[in-house]
Amino acid sequence: MFADLGLFALRVTLGSVFLAHGAQKAFGAFGGPGFAGATGFIGSLGLRPARFWTALAVGAELTAGLLLVLGLLTPLAALLVLGTMAVAIAKVHGRKGFFVQNGGFEYNLVLAIAALALAAAGPGAFSLDHLLKLAR
């Protein structure tokens, strides 16, 4: 029971973080850049065509966030988080070192490991995966 509550808390928190980050990039919510600003940033990283990669990033963040909050298709959601964080580390944060106060990859690593933990442990009993008998 307590493990299921822990998985629920982890899933909903991670999902909410990704929904918020996706909303920043997609809609300018929470002080974010919106789609045009995110496209400019992604283009500055050398990813071309920038609109395509921005749409992919925004779609991955919003999809992963929603799926995690619902506890639906949890392995797919975890994979989307891992992919997004791998790109963030490789293209932005990795060269800045470990610690987040220097712009490093500490935070991205924690998000990726949280997703990996959910993929390994499963979504828990308080999930649609469990209700629909999709969980292992």
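Residues numbered from 1 in each chain as written. Predicted model: local features only at pLDDT ≥ 70, side-chain atom pairs only at ≥ 80, totals over all residues. Heavy atoms only, no water.

1. What to know about the overall build of the chain
Okay, step 1: Regarding its fold elements, the chain presents 6 helices and 0 strands.
Okay, step 2: Over its C-alpha trace the chain gives a radius of gyration of 15 Å, about what one expects of a compact globule, namely 14 Å for 136 residues.
Okay, step 3: Principal-axis analysis of the C-alpha atoms places the extent of the chain at approximately 45 × 30 × 25 Å.
Okay, step 4: Residue burial in the chain is summarised as follows: out of 136 residues, 35% are buried.
Okay, step 5: In the chain, the proportion of contacts linking residues at least 24 apart, taken out of those at least 6 apart, comes to 56%.
Okay, step 6: As displayed, the chain has an accessible area near 7400 Å², and 75% of this comes from carbon and sulfur atoms.
Okay, step 7: With 9 positive and 4 negative side-chain charges, the chain shows a spacing of 13 Å between the two charge centroids. (Helix = DSSP H or I, 4+ residues; strand = E, 2+ residues; numbered from the N terminus. Rg over C-alpha atoms; globule rule 2.2 N^0.38 Å. Buried < 20%, exposed > 50% of the residue type's maximum accessible area, 1.4 Å probe, protein only. Contact = heavy atoms within 4.5 Å. Areas by Shrake-Rupley, 256 points an atom, 1.4 Å probe, with all protein chains shown as cover. Lys, Arg positive; Asp, Glu negative; His and termini not counted. Charge placed at Lys NZ, Arg CZ, Asp CG, Glu CD.)

2. Regarding the layout of surface pockets
Okay, step 1: The volume enclosed by the largest pocket comes to roughly 770 Å³.
Okay, step 2: Lining the largest pocket are 31 residues, and of these K25, A57, E61, T84 and A88 lie nearest its centre.
Okay, step 3: Mapped by element, the contributors of at least two residues to the lining of the largest pocket are α1 (2-27), α2 (34-44), α3 (50-70), α4 (74-93) and α5 (106-121).
Okay, step 4: Looking at which element gives the most residues to the lining of the largest pocket, the answer is α4, with 8 residues.
Okay, step 5: Split by residue class, the lining of the largest pocket holds 19 nonpolar, 10 polar and 2 charged. (1 Å grid on protein atoms, 1.4 Å probe; cavity = no way out; pocket = protein on both sides within 12 Å on 5 of 7 lines; lining within 4 Å. Points joined across faces, edges and corners; volume = space filled by probe spheres on them. Nonpolar A, V, L, I, M, F, W, Y, C, P; charged D, E, K, R; others polar.)

3. A short note on unusual backbone geometry
If a residue is not glycine, its phi is most likely negative; likewise, a peptide bond is most likely trans.
Okay, step 1: The linkage connecting R48 with the following residue, P49, adopts the cis geometry, with an omega of -5°.
Okay, step 2: Inspection of the secondary structure assignment puts P49 in the loop between α2 and α3.
Okay, step 3: Non-glycine residue L73 carries a positive phi angle of around 50°.
Okay, step 4: By the secondary structure assignment, L73 is in the loop between α3 and α4.

4. Regarding the nonpolar core
Okay, step 1: Core analysis: the biggest nonpolar cluster contains 17 residues, and L14, F18, L68, V81 and M85 have the highest contact counts within it.
Okay, step 2: Secondary structure elements with two or more residues in this core: α1, α3, α4 and α5. (Core = buried A, V, L, I, M, F, W, Y, C linked by side-chain atoms within 4.5 Å.)

5. Some remarks on the pattern of salt bridges
Okay, step 1: Considering all chains together, one arrives at 1 salt bridge under this definition.
Okay, step 2: The residue K25 makes a salt bridge to E61 at a minimum N-O spacing of 3.1 Å. Of this pair, K25 sits in helix α1 while E61 sits in helix α3, placing them 36 residues apart in sequence.
Okay, step 3: Classification of E61 as buried rests on a relative accessible area of 5%. (Salt bridge = Lys/Arg side-chain N within 4 Å of Asp/Glu carboxyl O.)

6. Here we look at the packing of aromatic side chains
Remark: the centre distance and the inter-plane angle together describe each pair of aromatic rings, the angle taken between the planes.
Okay, step 1: Under the counting rule described, the total for this entry stands at 4 aromatic pairs.
Okay, step 2: Pairing F8 with F126 gives two aromatic rings, centres 6.3 Å apart and planes at 80°, and the pair type is edge-to-face. On the criterion of sequence distance, the pair formed by F8 in helix α1 and F126 in the loop between α5 and α6 (128-131) is long-range, its members being 118 residues apart.
Okay, step 3: Judged by its relative accessible area of 35%, F8 is partly exposed.
Okay, step 4: An aromatic cluster is present here, built from F98, F99 and F105 joined pairwise through their rings. (Phe/Tyr/Trp six-rings, centres within 6.5 Å; stacked < 30°, edge-to-face > 60°.)

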